[in-house]
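An overview of the molecular structure
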Amino acid sequence: MGKKELEKIYEEYCENLGEAPDSVKNAYQAMHDAFEEYLCAVEEWTFRTAFEFGLNYAAKAEMRKAV
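Residues numbered from 1 in each chain as written. Predicted model: local features only at pLDDT ≥ 70, side-chain atom pairs only at ≥ 80, totals over all residues. Heavy atoms only, no water.

This part covers a negative patch on the surface. On the surface, a cluster of negative charge is contributed by Glu7, Glu11, Glu12 and Glu15. Within the secondary structure, Glu7 is located in helix 1 (residues 3–15). (Patch = residues over 30% accessible without salt bridge, like charges linked within 9 Å, V, L, I, M, F, W, Y side chains within 5 Å. Areas by Shrake-Rupley, 256 points an atom, 1.4 Å probe, with all protein chains shown as cover. Salt bridge = Lys/Arg side-chain N within 4 Å of Asp/Glu carboxyl O. Lys, Arg positive; Asp, Glu negative; His and termini not counted. Charge placed at Lys NZ, Arg CZ, Asp CG, Glu CD. Helix = DSSP H or I, 4+ residues; strand = E, 2+ residues; numbered from the N terminus.)

Laid out in structure tokens, this is it:
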């Protein structure tokens, strides 16, 4: 079986696949929500650590000026 034949069979399969059941849609939504929560947490952590680093760096720079 050649590539063109497989593509035709796959195209026909996709056309007749139909809609996913609610269990699949619900699982996808749960996964999406969890990933969004994860990304928000990473973004907040990154901001907080960068901000803290900046504050510490600025404080050390001011201490060096005083010496």
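There's more to say after this.
Looking now at the pattern of salt bridges. Enumeration according to the criterion identifies 2 salt bridges in this entry. Linking Lys25 and Glu19 is a salt bridge whose minimum nitrogen-to-oxygen distance equals 2.1 Å. Across the salt bridge formed by Glu44 and Arg48, the nearest N and O atoms sit 2.9 Å from each other. One end of the pair is Glu44 and the other is Arg48, both in helix 2 (residues 22–66) and 4 residues apart, which spans about a single turn.

Attention shifts here to the packing of aromatic side chains. In total, this model carries 4 aromatic pairs according to the counting rule given. Ring geometry for Phe47 against Phe51: centres 5.8 Å apart, planes inclined by 25 degrees, an arrangement best described as stacked. In this pair, Phe47 and Phe51 are both assigned in helix 2, 4 residues apart and thus about one turn of the helix distant. Residue class for Phe47 comes out exposed when judged on its relative accessible area of 56%. (Phe/Tyr/Trp six-rings, centres within 6.5 Å; stacked < 30°, edge-to-face > 60°. Buried < 20%, exposed > 50% of the residue type's maximum accessible area, 1.4 Å probe, protein only.)

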